[in-house]
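Below are the chains, spelled out letter by letter.
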Amino acid sequence: MLIGTATSAYQVEGNNKNSDWWYYEKIGKLKYKSGLSSDHYHLYRTDIDIMKKLNLNSYRFSIEFSRIYPNRNNIDKKEIEHYKEVISDLNKNQIEPIVTLWHYTLPKWFLDIGGFENRENINIFIDYVEVLLKHGLDIRYVLTMNEPLAYSINSYLVGKYPPFERSIIKFLRVQNNLIEMHNKLYRLLKQYDYEVSFAHAMYSFFNKNLVYPAYKISNYILNEEMLRRTKLDFIGINYYKAISMIPRPSLRRPFKTEMRWRINPDGLYSLIKSINFEYHKPIMITENGVATKNEVLRGDFIRSHFNRVLRAKREGVPVIGYMYWSFIDNFEWIYGYTKHFGIVAFDPMTLKRHIKPSAYVLKNIAIRYRRY
Ligand code: BGC
């Protein structure tokens with residue numbers, strides 16, 4: 001089984017100066033600045049050494065579109081080489097690279113011509129991916145994109161992420177375009193024999209029996225629709241939390257984590273089982289994590305969620321991997337560096353890495369189950 005961690009380029013690399021997020025950080029429209037982050041761009045070898053030390057056999061990361069395509073007339077081959085080196089270093093260390101082709105951020109110029117709101121722009125992204133593929137990516141697993149629904153909601157419906165739009169029509173347009181793009185990318189990637197999916201944010205629900213029809217609708221929109229409309233070789237699940245179907249029953253409940261999300265490991269088990277029942281495809285947990293400074297809590301979180309994954313696998317569900325989010329504390333979008341998801345921390349001055357106690361929980365899991 002693949003046991004590893006996940007990151008995204010913008011959140012860990014630092015200095016992604018040609019992206020839309022960087023632009024909005026600079027003009028002050030976003031509260032926090034990503035800056036140098038953990039400088040994973042230059043320190044990836046140090047980080048791969050840590051992964052190796054932790055016995056992890058896989059690593060999910062993303063290729064930064066805005067680095068390779070900094071302006072409309074220029075694909076930067078040096079940057080393609082960079083990611084090829086990361087892949088080759090992972091392979092040399094027997095760590096399976098799982099590559100996300102697009103994780104939220106866009107080149108600023110691409111957003112300026114309409115981003116994914118403009119259907120024609122899908123082809124620009126597909127052509128760009130084709131250039132990448134022609135350079136030869138020595139990998140097996142590809143995720144075309146990260147959480148397309150969360151992206152279109154945050155960027156086009158509720159206006160939290162660039163370009164801060166609030167329009168149902170734009171949201172639906174972007175969502176449809178992303179689905180179309182995924183399916184086109186799927187066809188392209190299959191010519192190169194990759195195993196293809198996207199990372200889909202999925203949720204479990206509390207109090208569903210009390211408002212069953214509302215639950216069915218929410219479940220369809222958030223969990224199901226994307227899976228029905230996309231071509232997939234395996235199903236990539238990002239799982240963090242349960243949503244309560246009854247508003248605000250939680251006012252009296254003490255929140256234990258920095259994101260104030262409702263932790264529910266059993267929900268992950270039920271999700272895996274129901275997806276398996278419905279789709280009969282291999283499943284990869286492409287993200288699962290908690291933001292906290294409490295290492296006992298993080299250790300328990302990892303143990304309890306992994307146990308549910310294992311239970312499903314023992315019952316016959318083909319689960320191919322579990323990626324903890326995240327390898328290292330990083331730029332948590334609109335919350336900047338105030339949330340701590342990593343099993344590794346870094347000192348922002350010296351960039352020195354510090355392995356947290358919960359990393360050893362994941363290490364023990366990896367030692368025990370990597371051959372399972
Ligand atoms: C996203 C990550 C994010 C994490 C924690 C996921 O939905 O893919 O980029 O950091 O959630 O909020």
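Quick note: structure is the one above.
Residues numbered from 1 in each chain as written. Predicted model: local features only at pLDDT ≥ 70, side-chain atom pairs only at ≥ 80, totals over all residues. Heavy atoms only, no water.

Draft legend 1. Structural context of the nonpolar core. In terms of nonpolar packing, the biggest core is built from 114 residues, with Phe116, Phe125, Tyr128, Met181, Ile272 and Tyr322 touching the most fellow members. Ranked by residue count, the leading element in this core is helix H9 (residues 168-190), at nine residues. For Tyr128, the contacting residues outside a window of four places in its chain are Ile63, Glu64, Phe65, Ile68 and Tyr69. Counting 14 residues, the second-largest nonpolar core is a separate cluster that includes Leu2, Phe234, Trp325 and Phe341. (Core = buried A, V, L, I, M, F, W, Y, C linked by side-chain atoms within 4.5 Å. Buried < 20%, exposed > 50% of the residue type's maximum accessible area, 1.4 Å probe, protein only. Helix = DSSP H or I, 4+ residues; strand = E, 2+ residues; numbered from the N terminus. Contact = heavy atoms within 4.5 Å.)

Draft legend 2. How the structure looks around the packing of helix H3 (residues 40-53) against helix H5 (residues 77-92). With their axes 10 Å apart at the nearest point, H3 and H5 run at an angle of 10° to one another. Taken together, the axes of H3 and H5 are roughly parallel relative to one another. Between H3 and H5, the contacting residues are Tyr41, Tyr44, Arg45, Ile48 and Met51 on the first element and Glu79, His82, Glu85, Val86, Asp89 and Leu90 on the second. Taken together, the residues of the contact of H3 with H5 break down into six nonpolar, one polar and four charged. (Axes fitted to C-alpha atoms, helices over the stretch in contact; angles between N-to-C directions. Parallel < 35°, antiparallel > 145°, perpendicular 65-115°, else oblique. Nonpolar A, V, L, I, M, F, W, Y, C, P; charged D, E, K, R; others polar.)

Draft legend 3. Structural context of the packing of helix H12 (residues 295-314) against helix H13 (residues 357-369). Interhelical geometry of H12 versus H13 gives an angle of 20° and a closest axis separation of 8 Å. The angle between H12 and H13 places the two elements in the roughly parallel class. The way H12 lies across H13 gives a crossing that is right-handed. Each of Glu295, Arg298, Gly299, Ile302, Arg303, Phe306, Leu310 and Arg314 in H12 lies in contact with H13, whose residues at this interface are Pro357, Ser358, Val361, Leu362, Ile365 and Tyr369. For the contact of H12 with H13, the residue count by class is eight nonpolar, two polar and four charged. (Left-handed = near helix turned anticlockwise from the far one by under 90°.)

Draft legend 4. Focus on the packing of aromatic side chains. The final tally for this structure, using the stated rule, is 38 aromatic pairs. A centroid spacing of 5.1 Å and a plane angle of 70° characterise the contact between Trp21 and Tyr161, whose relative ring orientation is edge-to-face. One end of the pair, Trp21, is in helix H2 (residues 20-26); the other, Tyr161, is in the loop between helix H8 (148-157) and H9, with 140 residues separating them in the sequence. With centroids separated by 6.2 Å and ring planes inclined at 50°, the aromatic side chains of Trp261 and Phe341 adopt a geometry described as tilted. A residue pair is termed long-range when its members are at least 10 positions apart, and Trp261 in the loop between strand S6 (235-244) and helix H11 (265-279) and Phe341 in the loop between strand S8 (319-325) and strand S9 (344-346) qualify at 80 residues. Judged by relative accessible area, which is 25%, Trp261 ranks as partly exposed. One cation-aromatic arrangement involves Arg67 over Tyr41; the distance from NZ or CZ to the ring centre is 3.8 Å. In this structure, Arg311 packs its charged tip against the face of Tyr269, placed 4.8 Å from the ring centre. (Phe/Tyr/Trp six-rings, centres within 6.5 Å; stacked < 30°, edge-to-face > 60°. Lys NZ or Arg CZ within 6 Å of the ring centre and 35° of its normal.)

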